[in-house]
Each structure stands twice: as structure tokens, then as C-alpha cells.
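The primary structure of each chain is shown beneath.
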Amino acid sequence: MNLAENANQYFLNVYKRFPFAVEKGEGVYLYDKQGKKYLDFLSGIAVNALGYQHPEIELAILKQLKRNLHLSNYFSQDVQIELAKRLLQLTGYSRVFFTNSGAEAIEGLLKISKKWGNQNGKSEIIALKGSFHGRTAGALSITMQDKYQKQFLPLLSNCKAIPANDVNALRKVVNDKTLAVFYEGIMGEGGVRPLSRDFLDAMYALREQYHFLIFADEIQTGVGRTGYFYYFQKDGYQPDGFATAKGLGGGLPLGAFVVSEKLANLFTLGDHGTTYGGNPLACATGLATVNHISTDAFLNHVKGTGQFFLEELQSFATRYPETIVEARGYGLLLGLEVKEKAGQMMFEAARQGLLFNIAGGNTLRFVPPLIIEKIHVTEAMEKLDRTFQKVFG
Ligand SMILES: Cc1ncc(COP(=O)(O)O)c(C=O)c1O
């Protein structure tokens, strides 16, 4: 029995695992127990932004290890404060609340919006069809995909779905009762689908008219993934708050929700809390990660490598017009939509030594460590070509 079959005996059967077991990671590669090498363009689902065994992450862990692993939020902690300060400096926002995951960060935004809505006579939350905001009950209520919601109804009331990029639908749904709109600038799990400039412009203009809140889910797009520290910064939008996680902890579980001055003093003592959130070890790796990624030079590296990769995918798409719909995305959050056999391709690519996963049912999603170089893109394209030949040849 292999390790994957073995794992199935012990866990709730909710994951489809790769049929090999990882021994270690190094740089942008994973190695299995037989020593086979995989180019990792999945990176722990967009988490391992600096790859594996990055010296700055290891140093941060070692330093914090000698101090304490966990204290709780009964204590003010320098490493937490440093990271919060850095996030606020980078964004111009006012307050941070640290969580352990993306879904918890969304829950925090939902709660803060509810309190604000109760004070302002507003109750309706809008989210986009095809969105993904997490699996907890609140986050699931605004994850507008049947396949995730339908077994778990009823969820939170007053959550409405509209099609992404449909300005008319948005205009029709918002009114004085609208409390908040949640959006991902690029729907990651929904198939790497960027929202249009028109839709974003309309949404931000309608906020002026109806005074609702806008929350950006930057869990997948954030922390440099698109070549901007946060994707909303690309076009200068100012959501009232945003959620961040995944890459934020540099491989340790860390998320946050961050709010503007308008919401900074809304929560008061006891309104919210967490045991682990802001864990010092995770904040230490988070600080090392954020410091590394937030320089102009690094973000330009992500933009440049991402553009090169996108162009490679686009020219690849022209070679397989009968199979590929299109290549899309920004920075190093890229997708290649295929007409069929996406799942088969993911497993065949793993056999060829390239890891990625599937989003939105039929899009190959690439979220490599942000430290990849062009040679890694070239290597990935060769492996992708071999994969296509195997699956369709
Ligand atoms: C955009 C987005 N929001 C929320 C989540 C949920 O984050 P987590 O799995 O850390 O709870 C994810 C995870 O994939 C995500 O991509």
C-alpha cells in the first residue's frame, strides 16, 4: 500500500492527493521519497512564496525558536507589531487583526461589516458567482459556487450572488440596504479570472452613491503574487478592508484582515479574538517574507517573470488551438484553460515532474514560488508540452 492509500484510511475523504510522498523541498523543487525531482508550480497552493529552505525564513524561525513559540494575545509582541506596522506602511491602512487562515480573515471582515451594518441600517452582502472565499460557514455563504454551498444550506442570510463583470447586474442589486461587496481582483479558485476595469470602476463609483463597504479578498492575489504587493494597488482602488493569508506567513499558517480608518475603531474590547492568530513564529516568518517581497526590485522580478511565463503560455495556446481555450492572469498567478481532461493533465504533469493544480473545473493553475527564474519557466513549458503530447498525442 502506498502512502496516499494509507492516508485515506485515517482521514475524512475530502482530498485527492498526488500518488507520491514528498521527502523534502529545496528552492523551487520538491523531491519524493524515491529521489524524483518535481518543479513545484503549486507551491503549497500559493503559499511558499520564497520556495523551500529559504535562508531568510530559516533564520527568522531559528531566532524566534529561541524566544518563544506561542504566547497568546494577552501579550504585546514585538514581532507581531513589526509585521502589522509593515503591512500598514505598505498599504496606507489603519488596523490589522491576525488570523491563522484565509477563511478566518474573511470571517473577521464579515463580522466587522455586520457590526457596521447594524449601526447603519444595512444588511445585504453581495458576492460574485464563481468566487471562493473559504470553507467556514460565513466565508462559504459568500463563496458563490453551487458545488461548495449546496450540501450545507442554509448558510448566512442576506448574501446575494451576481455574475462577475456584469455591471448591469451590479447596478440592479445594490441599494440603500447594501452592506458590503466582497470580491477577488482575480478569481483564483474560480479559474484565474481577472475582474474587468469597467466592473471595478462601477463598483467603486456605486459605493460613493450607496455608502456600502467594499472588501477585497487578497488571500490568493496578495503578498506580491501578481507583481503588486496587493492587487488592488495595481489600479489604485481603495477597498474599506482586505483579507490576506497564503503567502503572508512564508509557509506557516498566518492570515490577517486589515481595515481603513473608517472601520478602525468599530470593534471594541471582546468583539473578536483568537488563540493562535498572530502566533509569533508565524509572524517572524511573515516579517521575513514581507520584507523580502515588498521591495521594488523583487516585485519587478515577479512582474517580469510573470509576463515571460504568460507569453510562453499564450504562444503554447496557439500550438494547441483545438485543446486550449486561453491563457490568462497577472504576475505569477496564471491559468491555462483547456477544453477537457484538465484533471488527467495535472496527474500526467506530475509524472513528468511538474506540479500544478486545477481551478474552475478546467483551468490549469500555476502559482509557483515567486523566486522562480525564466529558466524554470522554460523547464515548465517543456514538461507541459510533454504532458500535452501524452494526454492528447
Ligand atoms: C481567494 C481565497 N479566499 C479565501 C481562501 C481560503 O483560505 P484558507 O484555505 O486559508 O482558509 C482561499 C483559499 O484558497 C482563496 O484562494
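Presented here is a report on the structure given in the accompanying data block.

### What about the side chain of Asp32?
Position of Asp32 relative to the elements: it lies in strand β2 (residues 29-32). Here Asp32 sits buried without a salt bridge, and the closest side chain of opposite charge, Lys36, lies 6.0 Å off (N-O distance). Side chain to side chain, Asp32 and Tyr38 meet in a polar contact 2.8 Å long. Setting aside residues no more than four positions away along its own chain, Asp32 makes contact with Phe20, Ala21, Val22, Glu23 and Tyr38.

### Some details on a nonpolar patch on the surface
Together, Leu12, Val14 and Tyr15 line one region of the surface with nonpolar side chains, adding up to about 410 Å² of accessible area. Residue placement: Leu12 occurs in the loop between α1 (3-8) and β1 (22-26).

### A few points about the nonpolar core
Tyr183, Leu336, Leu364, Leu384 and Phe388 are the most contacted members of the largest nonpolar core, which totals 94 residues. Here this core takes eight residues from helix α11 (residues 296-319), the largest share from any one element. Lining this core are residues from two domains, each supplying at least three of them: domain 1 (3-53 + 296-392) and domain 2 (56-293). Contacts of Leu384, omitting those with residues within four sequence positions, involve Leu313, Phe316, Leu336, Leu354, Phe356, Leu364 and Phe366. Counting residues in each nonpolar core, the second largest holds 25 residues, with Ala105, Ile106, Ala243 and Leu266 among its members.

Reading the values: the criteria
Sequence positions are assigned chain by chain, starting from 1 and proceeding in written order. Reporting of local features is limited, given that this is a predicted model, to residues whose pLDDT is at least 70; pairs of side-chain atoms are given and counted only at 80 or more, and all residues count toward the totals for whole chains, interfaces and linings. With hydrogens and water excluded, all non-hydrogen atoms of the structure serve as input to the side-chain values. What counts as a helix is a DSSP run of H or I of at least four residues, what counts as a strand is a run of E of at least two, and both are numbered from the N terminus. Think of it in three bands: with a 1.4 Å probe and only protein chains considered, a residue is buried below 20% of the maximum accessible area for its type, exposed above 50%, and partly exposed in between. Charge counting treats Lys and Arg as positive and Asp and Glu as negative, with His and both chain ends excluded. Note on definitions: salt bridges are taken to be side-chain nitrogens of Lys or Arg within 4 Å of carboxyl oxygens of Asp or Glu. The definition of a polar contact used here is a pair of N or O atoms within 3.5 Å, where within protein one atom must be able to donate a hydrogen and the other to accept one, and adjacent residues in sequence count solely through side-chain atom pairs. Should any heavy atoms of two residues lie within 4.5 Å, those residues are considered in contact. Two distance rules govern patches: like charges are joined within 9 Å, and nonpolar side chains (Val, Leu, Ile, Met, Phe, Trp, Tyr) within 5 Å, applied only to residues with over 30% relative accessible area and no salt bridge. We get accessible surface area from the Shrake-Rupley algorithm with a probe of 1.4 Å; when it comes to residues, only the shown protein chains can shield them. In this description, a nonpolar core means a group of buried Ala, Val, Leu, Ile, Met, Phe, Trp, Tyr and Cys residues linked to one another through side-chain atoms lying within 4.5 Å. Reported domain spans reflect what an automatic or database domain assignment gives.

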